[in-house]
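# Tertiary structure, described
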Amino acid sequence: MFYSFLRYVVASLIWLINGHSQTQEKQELPDGPFVLVAPHRSWLDPVFLALAAWPHHFSFMAKSELFKNPLLHWLLVKVGAFPVDRAHPGPSAIKVPVRALKQEGKALMIFPTGSRYSADMKGGAILIAKLAKAPIVPAVYQGPGTFWSLFKRKPIIVRFGKPVDPPKGRLTDEALAAFSDELQENFAALDHAINPHYKYVPDKKKYLEEKEHGEV
């Protein structure tokens with residue numbers, strides 16, 4: 001209920017501020033639960049991906065530090081987020097999203113590159129999808145990187161790719177590496193389909209801040 005209410009409030013606000021939001025290839029989204037993966041480029045990524053995939057409801061992974069603020073903790077829980085200790089992820093980092101996929105029927109949104117500046121894929125998204133027997137849907141977001149840049153009214157574009165099944169058999173290092181390469185190729189193809197000249201340029205100041213805190 002709160003998720004739906006918040007979705008309409010945020011969508012209306014963004015439409016008033018920007019008014020140039022586009023969703024491409026939404027028909028690729030499965031009817032049942034799935035794992036949505038995307039490169040993490042801005043804190044706005046999950047907002048626009050969730051809006052574009054509506055009426056699908058998502059659960060999210062969020063770093064545990066965000067839950068220390070009582071108000072933010074309440075909001076994150078309401079929108080389906082759960083805490084993960086990046087430095088020492090426990091079994092719950094896998095069990096909670098698998099349960100959400102299998103028992104609650106929610107989709108899972110995860111950024112397997114971790115930091116907004118890392119190109120290294122993580123195996124967590126693949127393992128979760130495999131345990132939940134859910135397809136993986138690649139997606140990309142191209143658009144403003146900050147709230148204030150939304151007022152420049154530049155295009156906001158989310159594009160979904162074709163669902164892919166997680167690798168069969170044991171998740172060896174070789175299998176994870178091969179599938180990670182496949183996802184990276186999907187991201188590149190989606191970016192190219194939106195804009196052949198697109199190139200993501202990270203904010204160097206924020207990169208250094210995240211590197212100092214061990215998040216890169």
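Residue numbers restart at each chain and count upward from 1, following the sequence in its written direction. Two thresholds apply to this predicted model, a pLDDT of at least 70 for residue-level local features and 80 or more for giving and counting side-chain atom pairs, whereas whole-chain, interface and lining totals are computed over all residues. Values shown for side chains rest on all heavy atoms present in the structure; no hydrogens or waters enter the calculation.

Taking an unreviewed UniProt entry as the reference, the chain is identified by name as 1-acyl-sn-glycerol-3-phosphate acyltransferase belonging to Lacticaseibacillus rhamnosus.

### Quick notes on the overall build of the chain
To be explicit about the condition: Comment: elements are numbered from the N terminus, with helices defined as DSSP H or I runs of at least four residues and strands as E runs of at least two. The rule is simple: take the accessible area with a 1.4 Å probe, protein chains only, and divide by the maximum for that residue type; under 20% is buried, over 50% is exposed, in between is partly exposed. Contacts between residues were defined by any pair of non-hydrogen atoms, one from each residue, lying within 4.5 Å.
From N to C terminus, the chain includes seven helices and seven strands. From first element to last, N terminus to C terminus, the chain shows the α and β order α-β-β-α-β-α-β-α-β-α-β-β-α-α. Residues counted as buried form 42% of the 216 residues belonging to the chain. Residue pairs at least 24 apart in sequence account for 75% of intrachain contacts in the chain once pairs closer than 6 positions are excluded.

### Thoughts on helix H2 (residues 45-52)
With respect to burial, H2 is a largely interior element, seven of its eight residues being buried. Residues Asp45, Pro46, Phe48, Leu49, Ala50, Leu51 and Ala52 constitute the buried set of H2.

### Quick word on unusual backbone geometry
Of note, the amide linkage connecting Trp54 to Pro55 takes the cis form, showing an omega dihedral of 20°. With respect to the helices and strands, Pro55 occurs in the loop between H2 and strand S3 (58-63). The phi angle at Lys133 is positive, at roughly 55°, despite the residue not being glycine. The residue Lys133 is located in the loop between helix H5 (124-132) and strand S6 (136-142) in this model. According to the relative accessible area criterion, Lys133 is exposed, its value standing at 78%. Positive phi is not limited to glycine here, since Arg153 has a value of about 60°. Within the fold, Arg153 resides in the loop between S6 and strand S7 (156-160). Given a relative accessible area of 37%, Arg153 falls into the partly exposed group.

### What to know about the packing of aromatic side chains
Put simply, the rule is: Side-chain rings of Phe, Tyr and Trp (the six-membered ring for Trp) are treated as a pair once their centres are within 6.5 Å; stacked means planes under 30 degrees apart, edge-to-face means over 60, and tilted covers the remaining angles. For a ring to carry a charge above it, either NZ of a lysine or CZ of an arginine must fall within 6 Å of the ring centroid while also lying within 35 degrees of the normal to the ring plane.
Scanning the model with the defined rule gives seven aromatic pairs in all. Ring centres of Phe58 and Phe60 lie 6.3 Å apart, and the angle between their planes is 45°; this geometry places the pair in the tilted category. Positioned above the aromatic ring of Tyr8 is the side chain of Arg7, whose terminal nitrogen or guanidinium carbon lies 5.0 Å from the ring centre.

### Thoughts on the sheet that holds strand S5 (residues 107-110)
Quick note on the threshold: Note: two strands are recorded as paired if DSSP finds a minimum of 2 bridges between them. Only the stretch in contact is used when fitting a helix axis, every axis being a line fitted to C-alpha atoms; angles between N-to-C directions are given from 0 to 180 degrees.
Reading across the sheet, the seven strands line up as S1-S7-S6-S2-S5-S3-S4 and stay open at both edges, with mixed pairing between neighbours. The strands lining the two open edges of the sheet, one partner per strand, are strand S1 (21-24) and strand S4 (81-84). Neighbour-to-neighbour, the strand axes of the sheet open up by a mean angle of 25°, direction not taken into account.

### Section: the pairing of S3
Note the following rule: Crossover handedness is defined by viewing with both strands directed away from the observer: a clockwise path from the first strand over the helix to the second marks the crossover as right-handed.
Looking at chain direction, S3 and S5 are connected through three bridges and run parallel. Across the sheet, residue Phe60 finds its bridge partner in S5, namely Met109. Sheet topology places S3 next to S4; four bridges connect them, and they run parallel. Bridging across to S4, Met61 finds its partner in Phe82. For the crossover that starts at S3, traverses helix H3 (residues 70-78) and ends in the parallel S4, the hand is right-handed.

### Overview of the side chain of Ser180
Rules: For this analysis, a polar contact is any N or O atom pair within 3.5 Å, provided that within protein one partner can donate a hydrogen and the other can accept it, and provided that sequence-adjacent residues contribute only side-chain to side-chain pairs.
On the secondary structure map, Ser180 appears in helix H6 (residues 173-194). On the basis of relative accessible area, Ser180 is assigned to the buried category, the value being 9%. Polar contacts involving the side chain of Ser180 include one to the main-chain carbonyl oxygen of Leu176, which spans 2.8 Å.

### Considering the pattern of salt bridges
Note the threshold: Should a side-chain nitrogen of Lys or Arg be within 4 Å of a carboxyl oxygen of Asp or Glu, the pair is scored as a salt bridge.
Within this structure, the stated rule accounts for four salt bridges. Here Glu25 ties to Arg159 by a salt bridge, and the two come within 3.9 Å at their closest N and O atoms. Of this pair, Glu25 sits in the loop between S1 and strand S2 (35-37) while Arg159 sits in strand S7; the two residues are 134 residues apart in sequence, bridging distant segments of the chain. Glu25 gets classed as partly exposed once you look at its relative accessible area, which sits at 27%. Accessibility expressed as a relative area gives 17% for Arg159, which makes it buried. Two residues, Lys106 and Glu104, come together in a salt bridge whose shortest N-O distance is 3.8 Å. Relative accessible area serves as the criterion here: at 26%, Lys106 is assigned to the partly exposed category. Overall, the relative accessible area of 47% leaves Glu104 in the partly exposed class.

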